[in-house]
Amino acid sequence: MSQEIDVLVIGAGPAGLAAAAAAREAGCQSVMILERDDAPGGILQQCIHPGFGLHRFKEELTGPEYAQRFIDRVNELQIPIQCRTMVLDITPDRQVTAISPERGVQLFQAKAIVLAMGCRERTRGALMIPGTRPAGVYSAGTAQRLVNMEGFMPGKRVVILGSGDIGLIMARRMTFEGAKVLACVELMPFSSGLKRNVVQCLNDFDIPLLLSHTVTQIHGRERVEGVTVAAVDEKRRPIPGTEQYFECDTLLLSVGLIPENELSIKAKVPLSPVTSGPTVDDSMQTEVPGIFSCGNVLHVHDLVDYVSLESEVAGREAARFAAGSTPVPAAYTLVKDGFGVRGCVPQRIRDAGADEKVAISFRPADVYRNATWQIRAGENILLKRRAMILTPGESQRVELPREQFKGIPEVTVEVVMEEKK
Amino acid sequence: MNDVIIVGAGVVGCSIARSLSRYELDVLVLEGKEDVASGASKANSAIVHAGFDAEPGSNKAKYNVRGNAMFEETCRALHVPFIRNTSLVVAFSEEEMPHLQKLLERGEQNGVPGLRIIDQAELRTLEPNISKEAVGALLAPTGGICCPYDLTFRTAENAAANGVKFLFNKPVKTVSSENGVWTLVTESGETFQARAVVNASGVSSAFLNNQVSATKYNIQPRRGEYVMLDKSEKGCFRATMFQCPGPMGKGVLVSPTVDDTIIVGPTSEDIDSPDATETTAFGLDKMRRLSTRIWTEIPFRKAITTFSGIRAHETTKHDFVLGEAPDAPGFFNALGVESPGLTSAPAIGQDLADEVASKLDAKKKETVSDDVSIWPRMRELSTEELNELIAKDPHYGRVICRCETISEGEIRASIRCRVGARTIDGIKRRTRATMGRCQGGFCTPRLMEILADELGIPQEQVTKFGGESRMVLSRLFPEEK
Amino acid sequence: MICIGCPMGCELTVTKDANGEIVVEGATCGRGKTYGKQEATAPERTVTALVALEGKKRPLSVKTAKPIPKGKIFDALECLKTVRAKAPVKIGDVVLSDVCGTGVDFVATENL
């Protein structure tokens, strides 16, 4: 026997919470969230550092505080969150199989589904870093959970590979807890983290940031005993003779996030090779009718504030779909990545929708200074934005009236380069 | 005193133990490392070889072909997966084709059934992803794939179910005999005695043999590096794809695994230390290069892990050394067992056990247990079966490893069984938890918690694979006494 | 000093002129000048950390309710080591008041 739900949300992280609340606020009475962890909040639970909510709430919150605002809202709206529940399968016609210790196997038939499963971290294995396989090699997020939520110290002398924000934040966390962070090693010639984090997590504590360097070997039989670090050339290949050895007991990896779309694949949702998330229209609907996607499972975000915004669109539109009140679009405008632009979301814009504005976001493919980016339809420039700097670490987002896209089959988002760094 | 002590709990030692457990004998297995399958058995190609490679008349040839024929029955009894996916040895030029013919003849001499040479068209039909350079192949229908640690673990589990005792972290330092009693002393000075000793200690096997016999052997540790590709690549090749040996060496293989991932490797490099299990930039680079001969567009961005294994290559005979040492009565060797050791293990186990039993004049037991501590696997159960199971034990309703869909019930069972997991890697090899694409990113903290709970130890004492391989070094806020 | 206002990361040089006025050079925007002045004269940080939670395995996350002088970060962390919070705790509950004479409290940032 399957349970019927109008909007079923998979994941109670920031995306799922915002989507569920928005669905309820759009008038949907039957909303439910399934969450695999013991408590809602997703990865924000372990992000105890400040820096969340400046756009959304005009104040600076920590991860758990930001999450709590949405948990409170979901609770106020009396939306059930079923924790410790793992979704095993989703079919294209929106049957969901989930399992939990308390309820066993549950079957749901949803009118609309919001995929909000988040992302996972790229691993040592994916990078094929040579060396031994001792204990003490952790992805930064795993270490963050061990420290912040479980109260364990993975190690005392730490090297961090990758200067993404999680790696930078962990450099400071480990320092605060008494560890010595020897270096933060970055393959690229620039950090993919926020300047603020570079300054306040590394520079404040005199932790060197080694740009255009990488870890070339991991040493140690049982625990990590050290790592070899070398400079890399323009093609990111290690330069012989530049090796230096760091004696350490821990290597943390902050080398990228990958949307976790195992369930989307089971539901036959087509994915973008660029974002690794589903291809969606401006309602965050995937190419499988009634299945929506938002948050880091759709594309990796830099700011949770934008996750909330995007997820509210997904939740609202899922509610409309469930109610059968979604207008059928007569045409779409395709959104293409042009020069210097990676991973535009959404990939297509409907000519009809309840919301008057549509948001487009993307990541710059490289560092561009004094650059302009634009949305262009043939010869016609729909929007032009100047920026002192564009970096891959900082996504760009813009909202435009839907009207502007009417009758246009395709737009290209591109960087117009004046001077490359 | 034990009747028999087996030194080494790899697939060979465990196979001998299992076969010996059919006799009225007290059998003890001493393993130097912290778990079964801690040497070559944990890091190899996972191939059940057909047997066309070995020199006719050699032990390698004999046991390969016999072992191969035993695999269905062995794996069925042990509840471990085994697939006869066939092996293909690919030639990349017309000049290499005669070599395939030689392999075919050698295989037929060894008694390998069903060998035939296929042309380019048939090869392309069978394996559409094969490189355009490929011109033909030797097809061996009896070639197969299995899971080497699952096989070793279940073999050990069944041996234990029939009374064999296992002790870990007991590296044997000296072996000697007096008045028909063998005495083994470990590195920490512990002493064990038995009427017979079986030396299945892999890279240490020459070291032990040379203490008791005038027939000296030499083991050359030989390292092979591998990469595992994500199961998203499942279906790229159905068969195990070997390269025709040529002036560039044996090449590397590309093969599906029973767990749906793709294994690529091994390189082959003689090394000084049997502990040098690191992967190297040089080795990985070489493997990448060689593997593109088979699969031009091989997607290394889908790598989930790299590892290396050490083979125990015997340099005087270049063959398995099996049986009682001529000048050391009661000391039996399973020495120099490298590839095709995994394939040969069931047959070696049977023969050596019979030989030892006959020496000790042991009788067969009247009843034998076929228990291998099989536990339910969440991903294999129907909804009804799952609900019934979860009602009895809710741990089976909690998914711990997302990537491979492994429940807490399975993790706990892998610790509670006879030869139970004591480390994170022990859980990994028994259940596949952490072996998926996130490589333990999400489930490692949960595994530490469950392991500590089951073993009654603080989490900071949990290790990855014993010794000092502790997962975390301390607690931020030590609990007040 | 590197400006943290945006990804530009302007290199700021902060000096005093003859009149004792603080001069920020290198900033390409107004925000950068303000940041440079503040950072050079009285740098401040919000500190987030963990404290022990009585009777619980897991720690409790806390933050300084306002930024505190950068030089007092490690003193503040040291003070926290002696604190044992008690569940139930709510966001905003004071866990340690007037940290190191700053007049700023450490408050809980999660409900446990």
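Residues numbered from 1 in each chain as written. Chains lettered and ligands numbered in written order. Predicted model: local features only at pLDDT ≥ 70, side-chain atom pairs only at ≥ 80, totals over all residues.

In this section: the overall build of chain A. Of the regular secondary structure elements, chain A holds eight helices and 29 strands. By the compact-globule yardstick of 22 Å for 421 residues, chain A fits well, its C-alpha radius of gyration being 22 Å. Taken over the C-alpha atoms alone, chain A extends approximately 65 × 60 × 40 Å along its principal axes. For chain A, with 421 residues in total, the buried portion stands at 56%. (Helix = DSSP H or I, 4+ residues; strand = E, 2+ residues; numbered from the N terminus. Rg over C-alpha atoms; globule rule 2.2 N^0.38 Å. Buried ≥ 20, exposed ≤ 12 C-beta atoms within 10 Å, placed from the backbone.)

What follows deals with the overall build of chain C. Within chain C, the secondary structure is distributed over two helices and nine strands. Each helix (α) and strand (β) of chain C, taken in turn from the N terminus, gives the series β-β-α-β-β-β-β-α-β-β-β. Taken over the C-alpha trace, chain C has a radius of gyration of 18 Å; the compact-globule value for 112 residues is 13 Å, which it surpasses by more than 25%. Seen along its three principal axes, the alpha-carbon backbone of chain C occupies a region of about 60 × 30 × 20 Å. The burial tally for chain C puts 36% of its 112 residues in the buried class. Sequence-distant contacts, at least 24 apart, represent 44% of the contacts inside chain C between residues at least 6 apart. (Contact = placed C-beta atoms within 7 Å.)

In this section: the sheet that holds strand β24 (residues 357–364) of chain A. Residue and element names in this part refer to chain A. What the three strands build is an open sheet, ordered β22-β24-β27; its pairing is antiparallel. Of all strands in the sheet, those bounded by a partner on one side alone are β22 (341–345) and β27 (396–401). In this sheet, adjacent strand axes meet at a mean angle of 25 degrees when their direction is disregarded. Judged from the three bridges that link them, β22 and β24 form a sheet pairing that is antiparallel. In the strand pairing of β24, V345 is matched with S361. (Pairing = 2+ DSSP bridges. Axes fitted to C-alpha atoms, helices over the stretch in contact; angles between N-to-C directions.)

Take the packing of helix α10 (residues 408–416) of chain B against helix α11 (residues 424–431) of chain B next. Residues and elements named next belong to chain B. Orientation of α10 relative to α11, taken along the N-to-C sense of each, is 110 degrees, at an axis distance of 9 Å. One element, α10, and the other, α11, form an angle in the roughly perpendicular class. Considering how the two elements wind past one another, α10 and α11 form a crossing that is right-handed. Along its contact with α10, which presents E410, I411, S414 and I415, the element α11 presents I427, R430 and T431. Each residue belonging to the contact of α10 with α11 can be placed in one class, and the counts come to three nonpolar, two polar and two charged. (Parallel < 35°, antiparallel > 145°, perpendicular 65-115°, else oblique. Left-handed = near helix turned anticlockwise from the far one by under 90°. Nonpolar A, V, L, I, M, F, W, Y, C, P; charged D, E, K, R; others polar.)

Right, let's get into the sheet that holds strand β9 (residues 106–108) of chain C. All names here are of chain C. Ordered by their spatial adjacency, five strands build an open sheet running β7-β4-β5-β9-β8, and the pairing between neighbours is mixed. Every other strand in the sheet has two partners, leaving β7 (84–85) and β8 (94–96) as the edge strands with one partner each. Of the pairings in the sheet, the one linking strand β4 (residues 48–53) to strand β5 (residues 60–64) comprises four bridges and is antiparallel in character. Bridge pairing links L50 to S61 in β5. Seen against the sheet, helix α2 (residues 73–80) touches β4, β5, β8 and β9 and runs at an angle of roughly 15 degrees to β4.

Quick look at the pairing of strand β12 (residues 157–161) of chain A now. Residues and elements named next belong to chain A. Most of β12 is tucked away: four of the five residues are buried. Pairing of β12 with strand β13 (residues 180–185) involves five bridges; the strand directions are parallel. Following the sheet pairing, V159 is matched in β13 by A183. Pairing of β12 with strand β18 (residues 250–253) involves four bridges; the strand directions are parallel. Looking across to β18, one finds that V159 is bridged to L251.

All names here are of chain A. Relative orientation of the contacting elements helix α1 (residues 14–25) and helix α2 (residues 63–76) amounts to 30 degrees, with a least axis distance of 9 Å. Handedness of the α1/α2 crossing: left-handed. Contact with α1, carried on its side by P14, L17, A18, A20 and A21, involves A67, F70, I71, R73 and V74 of α2 and no other residues of that element. Split into classes, the residues belonging to the contact of α1 with α2 amount to nine nonpolar, no polar and one charged.

As a further point, take the domain arrangement of chain C. Domain assignment breaks chain C into domain 1 (1–41) and domain 2 (45–108). Relative placement of domain 1 of chain C and domain 2 of chain C: their C-alpha centres are 31 Å apart. (Domains from an automatic or database assignment.)

Bringing the nonpolar core into the picture now. The biggest cluster of nonpolar side chains holds 171 residues, and the ones touching the most others in it are V7, A19 and V114 of chain A. Once residues within four sequence positions are removed from consideration, V7 of chain A is found in contact with A23, C28, S30, V31, A110, A112, V114, A318, A319 and A322 of chain A. Counting residues in hydrophobic clusters, the runner-up holds 127 residues, among them A9, F153, W295 and I304 of chain B. (Core = buried A, V, L, I, M, F, W, Y, C linked by C-beta atoms within 7 Å.)

This part is about the interface of chain A and chain B. Counting from both sides, the interface comprises 39 residues of chain A and, opposite them, 45 residues of chain B. Among the secondary structure elements, those contributing two or more residues to the side of chain A that touches chain B are β6 (86–90), β7 (95–100), β8 (104–115), β9 (119–121), α3 (124–127), α4 (140–148) and β11 (152–153) of chain A. Among the elements that line the side of chain A that touches chain B, the one with the most residues is α4 of chain A, at four residues. Across the side of chain A that touches chain B, the residue classes break down as 14 nonpolar, 12 polar and 13 charged. The pairing of β11 of chain A with strand β23 (residues 474–475) of chain B spans two bridges and is antiparallel. Each bridged residue has a counterpart across the sheet, and for M153 of chain A the counterpart in β23 of chain B is S474 of chain B.

With that out of the way, let us pick up helix α6 (residues 205–212) of chain B. Residue and element names in this part refer to chain B. What α6 keeps buried is the set S205, A206, L208, N209 and V212. For α6, the angular spread of the buried residues around the axis is 160 degrees, confining them to a single face. Lining the buried residues of α6 we find β1 (2–7), β10 (172–178), β12 (191–199), β13 (219–229), β18 (303–314) and β20 (331–335). (Arc of directions from axis to C-beta.)

Each assigned domain of chain A is listed here: domain 1 (1–120 + 257–326), domain 2 (123–255) and domain 3 (329–421). Counting from both sides, the interface comprises 15 residues of domain 1 of chain A and, opposite them, 19 residues of domain 3 of chain A.

It is worth spelling out the environment of I5 of chain B at this point. Residues and elements named next belong to chain B. Within the secondary structure, I5 sits in strand β1. Using a count of 27 C-beta atoms within 10 Å as the deciding quantity, one classes I5 as buried. Setting aside anything within four residues of it in sequence, one finds I5 in contact with L28, L30, L184, F192, A194 and V197.

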